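Survey of secondary and tertiary structure
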Amino acid sequence: MDDDDFMGRALDLARQAGAAGEVPVGCVVVHDGEIVGRGWNQPIGRHDPTAHAEIMALRDAADRLGNYRLPGCTLYVTLEPCAMCAGAIMHARIGRVVFGALDPKTGVAGSVIDLFAESRLNHHATVAGGVLADSCGALLSSFFAARRGRTEVA
C-alpha cells in the first residue's frame with residue numbers, strides 16, 4: 001500500500017464520522033506497512049473535546065502495540081492537525097505525518113504555524129501534506145454545506 005491507499009482508509013473513517021454527525025475527519029496509524037490504529041472524530045458523541053481523529057487513532061495504536069511511544073509509525077489524517085493533535089503526535093514520537101486537506105483556521109503543519117518545524121521542541125516528525133487533498137476537502141465542504149442547509153431550514 002502507498003500513501004494514497006492509507007489516506008483512502010482514513011477517508012473511509014472520515015465518512016463514518018460524518019455519518020454520525022461529527023466533522024468528517026479520519027485517521028490511521030501505520031507500522032511496518034500495517035494499520036495498527038484507527039480513529040475518527042468523536043468529540044460530540046463522546047462529550048470529549050480531545051476525541052479528535054488523531055487522538056483516537058494514537059490511543060488505538062498505543063493499545064495495540066503496548067507502548068505509548070510509537071516510533072517508526074506514520075500517521076495519516078484527512079485534515080491538517082491542530083495544536084492539540086500535533087502535541088500528542090510529538091509526544092507519541094510519530095516519525096511521519098501525512099495529511100490531506102489544509103486547515104487555514106487551526107492547522108499547525110504550515111497553515112497557521114508549523115509546530116512540526118519548531119526547533120525548540122524536542123521531537124520532529126517529517127510532514128507531507130496534500131495527499132488526496134481534493135477528496136478530503138470535498139468531504140469536509142459537503143458536510144458543512146449540508147449543515148448550513150439544515151441550520152437555515154430549522
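Read on for a plain summary of the structure. (Residues numbered from 1 in each chain as written. Predicted model: local features only at pLDDT ≥ 70, side-chain atom pairs only at ≥ 80, totals over all residues. Heavy atoms only, no water.)

**Some details on the overall build of the protein chain**
Defined as follows: Put simply, DSSP H or I for four residues or longer makes a helix, DSSP E for two residues or longer makes a strand, and each gets a number counted from the N terminus. Working definition: with a 1.4 Å probe on protein chains only, accessible area under 20% of the residue-type maximum means buried, over 50% means exposed, and in between means partly exposed. Two residues qualify as a contact provided that any one of their heavy atoms is within 4.5 Å of a heavy atom in the partner residue. Residue exposure ignores everything except the shown protein chains as possible cover, and the areas themselves are Shrake-Rupley values with a 1.4 Å probe. Charge assignment in this entry is limited to Lys and Arg as positive and Asp and Glu as negative, and neither His nor the chain termini are counted. Lys charges are placed at NZ, Arg charges at CZ, Asp charges at CG and Glu charges at CD.
In terms of helices and strands, the protein chain carries five helices and five strands. Taken from the N to the C terminus, the helices and strands of the protein chain come in the order α-β-β-α-α-β-α-β-β-α. Considered along the principal axes of its C-alpha atoms, the protein chain spans approximately 50 × 30 × 30 Å. Looking at the protein chain as a whole, 44% of its 154 residues qualify as buried. Once local pairs closer than 6 in sequence are excluded, the contacts in the protein chain between residues at least 24 apart make up 56%. Total accessible area on the protein chain stands at roughly 7700 Å², and carbon and sulfur atoms take up 53% of it. Charge separation in the protein chain, taken as the distance between the mean sites of 14 positive and 18 negative side-chain charges, equals 5 Å.

**Some points on the sheet that holds strand β2 (residues 34-40)**
Stated formally: Between any two strands, pairing holds if DSSP finds at least two bridges. Comment: axis = line fitted to C-alpha atoms, over the contacting stretch for helices; angle = value between 0 and 180 degrees taken between N-to-C directions.
Read from one edge to the other, the open sheet built from five strands follows the order β2-β1-β3-β4-β5, with strand pairing classed as mixed. Two strands bound the open sheet, and with one partner strand each, they are β2 and β5 (126-128). Direction aside, neighbouring strands of the sheet carry axes that sit 20 degrees apart on average. Alignment of strand β1 (residues 26-31) against β2, held across six bridges, turns out to be antiparallel. Note that in β2 the partner of Val 30 across the bridge is Ile 35. Contacts from helix α3 (residues 53-65) reach β1, β2 and β3 (73-79) within the one sheet, and its direction differs from that of β2 by about 140 degrees.

**A few points about the packing of aromatic side chains**
Here the distance between the centres and the angle between the planes together describe a pair of aromatic rings. As a reminder of what qualifies: Aromatic contacts are taken between Phe, Tyr and Trp rings whose centres are within 6.5 Å, Trp giving its six-membered ring; a plane angle under 30 degrees counts as stacked, one over 60 as edge-to-face, and the others as tilted.
A complete count under the given rule lists two aromatic pairs for this structure. Between the aromatic rings of Phe 6 and Tyr 76, the centroid separation amounts to 5.2 Å while the plane-to-plane angle is 35 degrees, which identifies the pairing as tilted. Of this pair, Phe 6 sits in helix α1 (residues 3-19) while Tyr 76 sits in strand β3; the two residues are 70 residues apart in sequence, bridging distant segments of the chain. Consider the rings of Phe 143 and Phe 144, whose centres lie 5.2 Å apart with planes at 80 degrees: the pair is edge-to-face. A relative accessible area of 10% means that Phe 143 is categorised as buried.

**Here we look at the pattern of salt bridges**
When the charged atoms of two side chains with opposite charge come close together, those side chains can pair. Put simply, the test is: A pairing counts as a salt bridge when a side-chain nitrogen of Lys or Arg comes within 4 Å of a carboxyl oxygen of Asp or Glu.
Applying the stated rule across the entire model yields five salt bridges. Arg 15 serves as the salt-bridge partner of Asp 12, at 3.0 Å between the closest nitrogen and oxygen. Highlighted residues: Asp 12 and Arg 15, both in helix α1, separated by three residues, approximately one helical turn. Among the residues examined, Asp 12 registers a relative accessible area of 44% and is labelled partly exposed. According to the relative accessible area criterion, Arg 15 is partly exposed, its value standing at 44%.

**Here's the deal with α3**
What counts is decided by this rule: Here, expected helix span is obtained from the residue count minus one, scaled by 1.5 Å.
A rise of 1.5 Å per residue sets the reference length of α3, with its 13 residues, at 18 Å; its end C-alpha atoms lie 18 Å apart and thus fit the reference within 8%. Of all the positions in α3, only Ala 53, Glu 54, Ile 55, Met 56, Ala 57, Leu 58, Asp 60, Ala 61 and Ala 62 are classed as buried. Considering only its buried residues, α3 is in contact with β1, β2, α2 (43-46), β3 and α4 (83-91).

**Some details on the packing of α3 against α4**
To be explicit about the condition: Angles below 35 degrees are treated as roughly parallel, those above 145 as roughly antiparallel, those between 65 and 115 as roughly perpendicular, and all remaining angles as oblique. With the far helix as reference, a near helix turned anticlockwise by less than a right angle produces a left-handed crossing, and one turned clockwise produces a right-handed crossing. Amino acids outside the nonpolar list (Ala, Val, Leu, Ile, Met, Phe, Trp, Tyr, Cys, Pro) and the charged list (Asp, Glu, Lys, Arg) are all regarded as polar, and Gly is one of them.
Running from N to C, α3 and α4 cross one another at 20 degrees; their axes reach a closest spacing of 9 Å. Judged by the angle between their axes, α3 and α4 are roughly parallel. Of the two possible hands of crossing, α3 and α4 adopt the one that is left-handed. Each of Glu 54, Ile 55 and Leu 58 in α3 lies in contact with α4, whose residues at this interface are Met 84, Cys 85, Ala 88 and Ile 89. Of the residues that constitute the contact of α3 with α4, the class distribution is six nonpolar, no polar and one charged.

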